[in-house]
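The residues making up each chain are set out below.
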Amino acid sequence: MQDKVSEKKFYNDMFSKSHGDGHFIAHGYDEIYRKTVDRVDGGLALDVGCGTGNHSVNLSKKGFRTVAIELTFNGVLAAKANAEREKAKVHFVVGDVENMPFKDRSFDVLFCGLLLHHFPDLTALSKELTRVGKSYLFALETNALEPVTFLKFNVVNPLLKPGFMTPNQRALFPDNVRRVFEREGFSGFEFSWIDIHVPYKGIIRLLTKAFTSLTAVLPVKYRCNKFVMSCRKVG
């Protein structure tokens, strides 16, 4: 199960200090949307675990009626302020995504931007997403097939607990995620690969660029640190 106490504390503290502006990936969105929400002609969308609300804002601007849910009150305040600055109409909710306050089959589109890897076991979350969704599920996630991402999330984080991520976070293997959602009745899975990072500086930025150059000969799924998953609910 997810350690919600640690999760809440991490993000409440982060949002209260900086509103999370530098912690979240805020680029590469156009490519992500081309593979996901741009394929859908409007409807009611849920941004699941909305963080700073960047995706919520963009979904609204793309014509979706948009609801966003976030675990922490400070997170919702930051996301709401973001939406107000952008003049985007979004309804924000504080809540646990494993137990959401929505009716069955409420949403045409479920968008999960770097959410799934915060759950060591996806069983409860996948069942809840299945319950509230009725059509499309899109997810941007950490890619455990890429060696540095696997090392950072699945070795360094559990062993050393560095503090710049929550204890829950693990990189995900795409096939494992697919199997979880197949069991819940999703099908038509499509995976694509994208290399996007938080805004690194200094030596970390240089090392990242060097690694990218060294791995350029590898198949794309082994050298990109994120994957995008698209699927659709059956029935």
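Note: the structure precedes this text.
First, a word on scope: everything that follows refers to the structure included in this document. (Residues numbered from 1 in each chain as written. Predicted model: local features only at pLDDT ≥ 70, side-chain atom pairs only at ≥ 80, totals over all residues. Heavy atoms only, no water.)

Bringing the overall build of the chain into the picture now. Counting its secondary structure elements, the chain contains nine helices and seven strands. By its C-alpha atoms, the chain is 45 × 40 × 35 Å across when sized along the principal axes. Per-residue burial for the chain yields a buried fraction of 48% across its 235 residues. Residue pairs in contact within the chain that sit at least 24 positions apart in sequence constitute 76% of those at least 6 positions apart. Taken as a whole, the chain presents about 11,600 Å² of accessible surface, with 56% of it coming from carbon and sulfur. In the chain, 33 side chains carry a positive charge and 25 a negative one; their mean positions are 2 Å apart. (Helix = DSSP H or I, 4+ residues; strand = E, 2+ residues; numbered from the N terminus. Buried < 20%, exposed > 50% of the residue type's maximum accessible area, 1.4 Å probe, protein only. Contact = heavy atoms within 4.5 Å. Areas by Shrake-Rupley, 256 points an atom, 1.4 Å probe, with all protein chains shown as cover. Lys, Arg positive; Asp, Glu negative; His and termini not counted. Charge placed at Lys NZ, Arg CZ, Asp CG, Glu CD.)

We note that K87 has phi near 55 degrees; this positive angle belongs to a residue other than glycine. Its location among the elements puts K87 in the loop between helix 4 (73-85) and strand 3 (90-94). On the accessibility criterion, K87 (77% relative accessible area) is exposed. Phi at R105 is positive, roughly 55 degrees, even though this residue is not glycine.

Here we come to the nonpolar core. Core analysis: the biggest nonpolar cluster contains 30 residues, and L46, F102, L116, L129, L137, F181 and M229 have the highest contact counts within it. Mapped by element, the contributors of at least two residues to this core are strand 1 (44-48), strand 2 (65-70), strand 4 (107-113), helix 5 (123-132), strand 5 (133-142), helix 7 (174-183), strand 6 (186-194) and strand 7 (226-233). Setting aside residues no more than four positions away along its own chain, M229 makes contact with L137, F138, A139, V177, F181, F189, E190 and F191. Core analysis: the next-biggest nonpolar cluster, separate from the first, contains 15 residues, V37, L59, L140 and I196 among them. (Core = buried A, V, L, I, M, F, W, Y, C linked by side-chain atoms within 4.5 Å.)

Within helix 7, burial applies to P174, V177, V180 and F181. Here the buried residues of helix 7 occupy an arc of 125 degrees about the axis, which is enough to place them on one side. Just past helix 7, the residue G185 takes up positive phi, approximately 100 degrees. (Arc of directions from axis to C-beta.)

The next subject is helix 3 (residues 54-61). For helix 3, the full list of buried residues reads H55, S56, V57, L59 and S60. G63 lies just past helix 3 and shows a positive phi near 100 degrees.

This paragraph deals with the pattern of salt bridges. Within the structure shown, the criterion is met by 13 salt bridges. A salt bridge links R178 to D175; the nearest nitrogen and oxygen atoms lie 3.7 Å apart. Of this pair, R178 and D175 both sit in helix 7, three residues apart, which is roughly one turn of that helix. Taking relative accessible area as the criterion, D175 reaches 43% and is therefore assigned partly exposed. Each member of the salt-bridge network shares a partner with another, and the members are K4, D96 and E98. (Salt bridge = Lys/Arg side-chain N within 4 Å of Asp/Glu carboxyl O.)

This paragraph deals with the side chain of T149. Among the secondary structure elements, T149 is positioned in helix 6 (residues 147-160). On the basis of relative accessibility, which here comes to 7%, the residue T149 falls in the buried class. For T149, the residues in contact, after removing those within four places along its chain, are T142, N143, N154, A171 and N225.

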